[in-house]
Each structure stands twice: as structure tokens, then as C-alpha cells.
Amino acid sequence: MTAAPDIVSVLLQRADLHPDRVAIRDAHDRSVTYGDLALGVRAVASHLDRAGLEPGDGVLLAVRPSPRAVMAALGVVLARAVVVVADPGAGEALVDVRRRVVPVRAAVADTLVHAATRRPLSSVLARLPATAGLQLPDLSTPGLVHVVTGLRLPGVPRSATRWESLTPGAATHVEGETSRDALVVFTSGSTAAPRAVVHTVASLSAGVHAAVTALDLDEHVVMHTDQLMIGLPTLVAGGLWSLPPVTASTRAWVRQATRAGATHAYAVPAKLLAAAEIGLPPTVRHVATGGAPVLGAGIRRLGQLAPGVSIRAVYGLTEALPVAVARGEEVLASPPGRTSLGRPLPGVSVRIDHPDDAGVGEIVVAGPQARDRLAGEPPTSEVRTGDRGVLADDGTLLLAGRAKSMIIRGQANIYPDLVEPLLLARDDLGLRDCALVGLADRVTGDERVVLAVVPAPDTHRDRRAWPPRQVGRDGSASRHTVQALARAVHRAWPALADEAWRPDDVVVVGAIPRRGRSGAVDLDAVRALVTGAPGSDRG
């Protein structure tokens, strides 16, 4: 198969042909044309060239999603350097990349990031629940080349170059050098420490072009999303990217999409559903969702809230995006206990490793958009997804659950990520959050299934069963509360999942521990939390 054109070259060529066409519009309705985009990309690349960066040097990127962040990332690639996403959820993995994998020579960062790593602001942030435990990138390494965006704040090095001072020059072209490293990004770390994933220019470009084809993107599209790997395909297709802040409330997200006249939208399932509850703009005719299990119940609800809008479910992971895309009707037609992911995209091969008697095993993928390697490890041609699935006779890939979160009880393999969204979607349960975990018996190896729940008493319709005073801030709950909630869960269970998946215990907790930038359930922490918890009830 012919390699996909590198995306930086494609975007620069688009800018040469249509410099006045709007490429990105932000939350303040400020427009960046393709010509502006190209100037910013070339300015970043020229500055790094003049600063003496060598091919393969790493550049930390710690800029909030914005047009400048896009220019910075593409400019780093144009300069033959490697973008190292300074993810605060990556923790020690980011330090390890700098120490053993990529020699970091420069940083492009918001001035707030510099200020946040200095006292007293760093001490304040460490005590805030929203930022506690996050590890901000260390930007104090001597000799780093600094570019900063935003207002000058304390902590910014005097040698730093302000974004506004960058000037375009003779940028180095990347065409024909697609095998070199382009990006280091981190897995979410939901069940283990985050891992650094290395993408080449070729794998990054292949993923972008695959998304263009799978989502039918062209120059008429107005895509509303905060996701880079959906926004970049929009730009490569010549469309307009409406870019909201990642912190935007659902109402603000919908308002911006309305002002932009969005024709397409992408968000994780929960956010897209919340937006549809408010009301998607009438201009939106296509929505796509991914980043979490996309289940039939969610697709059905989207169809009710936004009739006539086509729905696509995107399956992929940090190491290979996208792998497959399913139409909404395909998800709805999934067989019991399975979720359709659609057929693998052209050029993507899928095999099922160690299948059981039903053909279910770990999904292993290969293709041009698959990452080159994990940092510190040799390149591999396949990516182990950690997902359990089966290939249907017609080639459709069916998801059966996450291998790492799978619970084994008797002869049943239980996949929490397939049932948790269904529990949260039940209005009659009134749950703010929940997690299904297994507690292994040290002798038999079999697991006791525990459902940890966080009630939402303020939204529950039956105030007699869940008065707010019965659940403490620490998750303590009266026996009556736990029993009533357990009964409600067990009454609802037959409509949600197989009998073999029914929990042994229901435990009320104050919050579900989560980790990583995706907010995935911290399984070890939940197991520790529910072990011996007083607020529990057996089914």
C-alpha cells in the first residue's frame, strides 16, 4: 500500500492554494486562516532551526488546545524534531522519556505552566482536588530553548521567546522523511502506569488520512471538537475546525457549535449525550464518538434526541487511531453481550489472540497508523489493544470487553466497561458514578463481584428511598439506603446484563477513584476502597 502523504506537507500546500480560507475558529470566534496556520508552523520551525535543534531532538509541548498549539506541534514536526506531549497525567513516564528516550532541547509552553511550577502557586495547586497528584513538566533544565504563549508571569525564563516575536523563515521540508519519529504521547494509565507511545511521521499521517476517509470529511465540513486527532483530519480535508476549550461546559460547547454553524461534531459518548440533551445545533448532520465504549443504549438515546443525524462510533487507541468505525445502526444491531465496532478500516489487519471456545480473545491490530514502538522498547508490527473481541463471519469486529478490567467468576467473563454506562443511564437508579470490580479469592482464584456506587440523591425521584442526609460526604450510608439501592440495582439487572454478571455486593462510596488524563477508573484503588467497606449489601 502506498504511504499516506505527510500531513505537514499537505497542510502547507493547502495554505499555498487557499491562504484566505478559514482553518480554525476558537471559542472567542477568532478565525485563523490556512495562510495564518502555515505562517505559524513555519515560524516555529524556523525558530527551532535557528536555535540549533538537531533532527530527533524532543520539544516539550505544554500549550492548551488552541490554534497556537496546533501550529506549535506541526512546526516541531516540520523542524524534524519530536513533539513530546507534556501530559500532567503522565507523571514519571514523562520524566523517563526525557531521561532515556528523547533528548529534550526545547519547550513550547503557556506562561501559566511556568508559573505553576514555582512557589507559591505550585503549593496551592498541589492542595486543590482538581490538580492534586498531577506532575507538571519540569521546565527548569538549563539550556532549554523556550517559547512561551500568554501573558508574562513570574517563573518565565528571561531567555524565553514570546510567541508574538516568532518570524517565519526558510522552513525545512519533511517530505520523504516519514520514517522518522514525530510524536511521543502517553496512554491514559487506567490500569497501570502511563506508557510513552512513539509515532513516526508515517504512522501519524496514516491515522489522519484514515480518519478523513472513515468520517467522509471534505472542504465543506465544519467540525466541532476539542480532539486533535479529529481536528487535524478536518484540516487535511480542507474543512473548518471549530475548536472549543477542553474545559468548556456542555452549554458553552453547544453555544460555540451553534455560532460556528457546525455540520459535524465529535466528543466522548457522555459529553455528546449531554450536548444532545441540551439540543445539538440544527446545522449538525453528522456526529462521531469514541474514546470510551459506545454502546447501543447510548446510540439509541442519541437517535431519540437528534433524529436524522448520522452517528459513527470510532474505535481506536493512542497506539493506533482509528482502527474501525461503525455506523450507529450497526451498533444497535450488535448481538447480545457484544458491541459492534464495524469492519477494520482499509489497510488495518486484526487478529484475535488466544480465542476461547466462543472465539473471544484479545484484539491485536496492525496497520500503517499503528505506533512505531513503546518508548524504550524495539519497534513492533502489532499493537495489543487489551480489549477482548471476536471477528464475525462477515468481517465485523465485535467488542466483548476490556481484558485488563475483566472479572472472572465461575465460567463467566464479566466486562465492567460494558455494563457501567448502562447503570449510569438508568434514571430510576439515580447514580452519580459507579464501578464494577472483582475481589479475588486467594485460594480458588475466583472473584467476588462488587458494584461500588456513588448515589446522586439530589436527582433521584424517590426521595423516600434516598434522602440526602443518609449518605455522608465520606460515602458512609445508612443500612436502609444501601439495601434500597441494592434492591433497585437487582431489579434493573435483567434489562442491563446477563444474570452471570450480577454483582454479589453493592457498596456505597463517596467517590470512584480515577486516574490518568482520561479519568479512567483506578481499579486497584476501588478494590482497596470496597474491601471491608461498611456501606455494603449482598444481593
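The rules we used
- Residues numbered from 1 in each chain as written.
- Predicted model: local features only at pLDDT ≥ 70, side-chain atom pairs only at ≥ 80, totals over all residues.
- Heavy atoms only, no water.
- Helix = DSSP H or I, 4+ residues; strand = E, 2+ residues; numbered from the N terminus.
- Buried < 20%, exposed > 50% of the residue type's maximum accessible area, 1.4 Å probe, protein only.
- Contact = heavy atoms within 4.5 Å.
- Areas by Shrake-Rupley, 256 points an atom, 1.4 Å probe, with all protein chains shown as cover.
- Pairing = 2+ DSSP bridges.
- Axes fitted to C-alpha atoms, helices over the stretch in contact; angles between N-to-C directions.
- Core = buried A, V, L, I, M, F, W, Y, C linked by side-chain atoms within 4.5 Å.
- Salt bridge = Lys/Arg side-chain N within 4 Å of Asp/Glu carboxyl O.
- Arc of directions from axis to C-beta.
- Parallel < 35°, antiparallel > 145°, perpendicular 65-115°, else oblique.
- Patch = residues over 30% accessible without salt bridge, like charges linked within 9 Å, V, L, I, M, F, W, Y side chains within 5 Å.
- pLDDT = per-residue confidence, 0-100.
- Polar contact = N/O pair within 3.5 Å; in protein donor to acceptor, adjacent residues only side chain to side chain.

Visitor: Is there a simple way to think about the overall build of the protein in this case?
Guide: Secondary structure summary: the protein contains 15 helices and 29 strands in total. For the protein, the residues scored as buried account for 53% of the 539 residues in total. Here the analysis covers contacts within the protein between residues at least 6 apart in sequence; of these, 60% occur between residues at least 24 apart. Counting only carbon and sulfur atoms, one obtains 54% of the accessible surface of the protein, whose full area is about 23,900 Å².

Visitor: I keep staring at the sheet that holds strand β17 (residues 349-353) and nothing clicks. Help me out?
Guide: Across a sheet, paired strands are connected by hydrogen bonds in the backbone, their directions being either parallel or antiparallel. Spatial ordering of the open sheet is given by β16-β21-β20-β18-β17, a layout of five strands whose pairing is antiparallel. Both edges of this open sheet fall to β16 (339-340) and β17, since each of them pairs with a single strand only. By the bridge criterion, five bridges tie strand β20 (residues 383-391) to strand β21 (residues 397-402) in an arrangement that is antiparallel. Bridge pairing links R388 to G401 in β21. Sitting on the sheet, helix α13 (residues 416-424) touches β16 and β21, and the angle it makes with β21 is about 85°.

Visitor: In this structure, what is going on with the nonpolar core? I would like to understand it.
Guide: The nonpolar side chains of soluble globular proteins are, as a tendency, buried together. Membership of the largest hydrophobic core comes to 114 residues, with the highest contact counts inside it found for I24, L235, V323 and I363. In this structure, L280, V284, V287 and L302 belong to the second largest nonpolar core, which totals 24 residues.

Visitor: Would you explain the sheet that holds strand β6 (residues 145-149) in this entry?
Guide: Sheet architecture is open: eight strands sit in the order β7-β6-β5-β3-β4-β8-β9-β19, paired in mixed fashion. Looking at the sheet topology across the chains shown, the edges are occupied by β7 (161-162) and β19 (373-374). Here strand β3 (residues 58-62) runs beside strand β5 (residues 104-110); their pairing, made up of five bridges, is parallel. Each bridged residue has a counterpart across the sheet, and for A62 the counterpart in β5 is A109. The sheet contacts of helix α7 (residues 201-214) involve β8 (181-186) and β9 (196-200), and relative to β9 the element is tilted by about 85°.

Visitor: Teacher, can you tell me more about the environment of T187 here?
Guide: The topology assignment puts T187 in the loop between β8 and β9. Its relative accessible area of 16% is what places T187 among the buried residues.

Visitor: For this particular structure, what's the right way to read the pattern of salt bridges?
Guide: Where side chains of opposite charge bring their charged atoms close, a pairing between them can arise. Summed over the entire model, instances satisfying the criterion amount to 24 salt bridges. Close ionic contact of R162 with E164 constitutes a salt bridge, the shortest N to O distance being 3.7 Å. Classification of R162 as partly exposed rests on a relative accessible area of 25%. On the basis of relative accessible area, E164 is assigned to the partly exposed category, the value being 48%.

Visitor: Where do I start with helix α9 (residues 250-260) in this structure?
Guide: Each full turn of the α-helix corresponds to 3.6 residues, which orients residues three or four apart in the same direction. Along α9, the positions that sit buried rather than exposed are W253, V254, Q256, A257 and A260. Buried residues along α9 cover an arc of 160° about the axis, so they all sit on one side. Of the residues one or two after α9, G261 is the one with positive phi, at around 65°.

Visitor: What's the story with the packing of α9 against helix α10 (residues 269-278) in this structure? I'm lost.
Guide: Contact pair α9 / α10: the axes reach a minimum separation of 9 Å and the direction vectors enclose 70°. Here α9 is positioned roughly perpendicular relative to α10, judged by the angle of their axes. Residue-level contacts link T250, R251, W253 and V254 of α9 to K271, L272, A274, A275 and I278 of α10.

Visitor: Please explain helix α15 (residues 523-530) as it appears in this structure.
Guide: Where α15 is concerned, the buried positions are L523, V526 and V530. Projected onto a plane normal to the axis of α15, the buried residues spread over an arc of 60° and lie on a single side. Exposed and facing more than 90 degrees away from the buried side of α15 are D524 and A528. Contacts made by the buried residues of α15 are with β24 (431-440), β25 (447-455), β26 (505-508) and β28 (520-521).

Visitor: Whenever I open this one, a nonpolar patch on the surface confuses me. Can you help?
Guide: A surface patch of nonpolar side chains, about 290 Å² in accessible area, is lined by L112, L151 and L153. Here L112 is to be found in helix α5 (residues 111-116).

Visitor: Can you walk me through the confidence of the model for the protein in this structure?
Guide: Reading predicted coordinates in detail is not appropriate for stretches of low pLDDT. In the predicted model, the protein carries a mean pLDDT of 84, and the fraction of residues at 70 or more is 82%. Long-range and interchain partners of residues 124-134, a stretch whose pLDDT sits below 50, account for seven contacts in this model, where long-range means more than four residues apart.

Visitor: Would you explain the environment of L431 in this entry?
Guide: You can see L431 is positioned in strand β24. In the structure, L431 is positioned 24 residues away from P455 in sequence and 4.6 Å away in space, judged by C-alpha atoms. Contacts of L431, omitting those with residues within four sequence positions, involve L423, L424, V453, V454, A456 and L485.

Visitor: Even after reading the chapter, I still don't get the pairing of β24, so can you show me in this structure?
Guide: Within a regular beta strand, the side chains point alternately toward one face of the sheet and then the other, so they alternate between its two faces. The buried count for β24 comes to eight of ten residues, which makes it a mostly enclosed element. Looking at chain direction, β24 and β25 are connected through nine bridges and run antiparallel. Looking across to β25, one finds that A440 is bridged to E447.

Visitor: Quick question: what am I supposed to make of the side chain of T33 here?
Guide: Mapped onto the elements of the fold, T33 is located in strand β2 (residues 31-33). Judged by its relative accessible area of 17%, T33 is buried. Here the side chain of T33 touches P19 through a polar contact of 3.1 Å, landing on its backbone oxygen. Among residues more than four places away in sequence, those in contact with T33 are P19, D20, R21, V22 and A23.

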